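Given next are the chains, with one letter for each unit.
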Amino acid sequence: MEKVGLWKDEYKTGIEEIDIQHRQLFAKIERLILIAKVGDIEKNRQECENIVDFLADYTISHFASEEALQKKLGYVNYEQHVKLHQQFKNTVLKYKKNMETDFSKSLLKSFVGTLLTWLVMHVCTCDKKIITNEPIDPRKDFSNKESLIRSVAETCLTGHYGIPITGMEPCIYKGYVEGKVIVRNLITVQKKYQFLYGFSETLAKAIYLKACNMYLENPNKLDDMEKSAFIEIGNSLSTYAVMQHFKGRVVSLQSEGEVYRDKFTDSSFDINNNILLDISTKYGSLEIMYCNIP
């Protein structure tokens, strides 16, 4: 099988112990991707199960090692970092439990898409800040929903993926979002919040490449790994928005996501006349809509 080559030097945190552990995680994920994409999953079932077991155990030990180092260094966002780790440990353990009763290529792809996207984003936007003692998400004050959506866009495109924004235009949401790839996230904290992200084809390809270090071959026919990657991208952005809205005072939240193509129309809630932000970049456009669900 051809190697994927997931690890990049830009993922280095400047802490050798952590970087070595990250390389091991990427290597294991890479092997799962190769099996899920072109391998015989039944023939390689035992190896897959061993790797999933390793990842479940290793994320726990790796996070513990990373948290001990943060505590030693007096990292400013130690408690928030621990929360992010705990949320993701729960995700990995949930996948592991599901695979014990439903070992399938579809579920394996979903697992590696979620794991890889989260790991790349976490390493690049959180772990790199340990050595410099920077806060993960500096708290901001927002006067309205539009300013919050603008911050989410800037965090996503520029902060996470290095894609400069060339223009933003607020519009009134009329019941639908357009894009080649559309992600819908429902976040439940004290209330339920809906986020819609409509990525143009060229922007979807650019973000997928940056998030997973792989090419999005056919946006018209996403596989389970690609879908789970986009759901995780949307989840991270929606979680960021909710954390900013509550100024970090969130003990736990629940998230669910779905992926659609071309156009998403929602008639289940009366959410018309909310703000939709149409964002332009050199790679294409992104539509974002955020609202409370009554």
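Shown above is the structure to which this text applies.
Residues numbered from 1 in each chain as written. Predicted model: local features only at pLDDT ≥ 70, side-chain atom pairs only at ≥ 80, totals over all residues. Heavy atoms only, no water.

J.: Which residues make up the overall build of the chain, and what values go with them?
T.: Helix and strand content of the chain: seven helices and six strands. Helices and strands in the chain line up, N terminus first, as α-α-α-α-α-β-β-β-α-α-β-β-β. Expected size for 294 residues packed as a compact globule is a radius of gyration near 19 Å; at 19 Å, the chain falls within 12% of this value. Its C-alpha atoms give the chain principal-axis dimensions of roughly 50 × 45 × 35 Å. If you take every contact in the chain between residues at least 6 apart in sequence, the share linking residues at least 24 apart comes to 74%. Accessible surface, the chain as shown: approximately 13,800 Å² in total, 48% of it carbon and sulfur. Side chains of the chain carry 38 positive and 39 negative charges; the gap between the two charge centres is 2 Å. (Helix = DSSP H or I, 4+ residues; strand = E, 2+ residues; numbered from the N terminus. Rg over C-alpha atoms; globule rule 2.2 N^0.38 Å. Contact = heavy atoms within 4.5 Å. Areas by Shrake-Rupley, 256 points an atom, 1.4 Å probe, with all protein chains shown as cover. Lys, Arg positive; Asp, Glu negative; His and termini not counted. Charge placed at Lys NZ, Arg CZ, Asp CG, Glu CD.)

J.: Go over the pattern of salt bridges, please, and point to the residues and values.
T.: Evaluated as defined, the whole model comprises nine salt bridges. A salt bridge links Asp 262 to Lys 180; the nearest nitrogen and oxygen atoms lie 3.3 Å apart. Note that Asp 262 is positioned in strand 4 (residues 254-265) and Lys 180 in strand 2 (residues 176-188), a separation of 82 residues in sequence. Owing to a relative accessible area of 37%, Asp 262 belongs among the partly exposed residues under this scheme. (Salt bridge = Lys/Arg side-chain N within 4 Å of Asp/Glu carboxyl O. Buried < 20%, exposed > 50% of the residue type's maximum accessible area, 1.4 Å probe, protein only.)

J.: So what about the sheet that holds strand 3 (residues 192-199)? Which residues, and what values?
T.: The sheet built from six strands is open, its strands ordered 1-5-6-3-2-4 with antiparallel pairing. In the strand order of this sheet, the two ends are held by strand 1 (165-172) and strand 4, each with one partner. Here the average twist between neighbouring strands, direction ignored, is 20°. Contacting strand 1, strand 3, strand 5 (275-281) and strand 6 (284-293), helix 5 (residues 145-160) runs over the sheet at an angle of about 145° to strand 1. (Pairing = 2+ DSSP bridges. Axes fitted to C-alpha atoms, helices over the stretch in contact; angles between N-to-C directions.)

J.: Account for unusual backbone geometry, naming residues and giving values.
T.: At Asn 133, a residue that is not glycine, the phi angle is positive and equals roughly 60°. Residue position: Asn 133 is located in the loop between helix 4 (105-125) and helix 5.

J.: If you had to explain the nonpolar core to someone new, which residues and values would you point to?
T.: By size, the foremost hydrophobic cluster in this structure holds 74 residues, and its most contacted members are Phe 111, Phe 199 and Phe 230. Examining the composition of this core, we find that 11 residues originate from one element, helix 4, more than from any other. Those residues in contact with Phe 111, other than ones at most four positions away along the chain, are Leu 32, Val 52, Leu 55, Val 92, Tyr 95 and Met 99. (Core = buried A, V, L, I, M, F, W, Y, C linked by side-chain atoms within 4.5 Å.)

J.: Give me the environment of Leu 277: which residues, what numbers.
T.: Turning to its location among the elements, Leu 277 is positioned in strand 5. Classification of Leu 277 as buried rests on a relative accessible area of 0%. In the structure, Leu 277 is positioned 110 residues away from Gly 167 in sequence and 10 Å away in space, judged by C-alpha atoms. Apart from the residues within four sequence positions on either side, Leu 277 is in contact with Glu 146, Ile 149, Arg 150, Met 168, Glu 169, Pro 170, Leu 286, Glu 287 and Ile 288.

J.: Quick rundown of the environment of Lys 145? Include the residues and the values.
T.: With respect to the secondary-structure elements, Lys 145 resides in helix 5. Looking at Lys 145, the relative accessible area reads 29%, which means it is partly exposed. It is 8.1 Å that separates the C-alpha atoms of Lys 145 and Cys 291, two residues lying 146 residues apart in sequence. With sequence-adjacent residues up to four places away left out, Lys 145 is seen in contact with Asn 274, Tyr 290, Cys 291 and Asn 292.

J.: Describe the side chain of Ser 65, with residues and values.
T.: Topologically, Ser 65 is positioned in helix 2 (residues 45-73). Judged by its relative accessible area of 18%, Ser 65 falls in the buried class. A distance of 3.4 Å separates a polar atom in the side chain of Ser 65 from a polar atom in the side chain of Gln 21. Setting aside its immediate chain neighbours within four residues, Ser 65 contacts Glu 17 and Gln 21. (Polar contact = N/O pair within 3.5 Å; in protein donor to acceptor, adjacent residues only side chain to side chain.)

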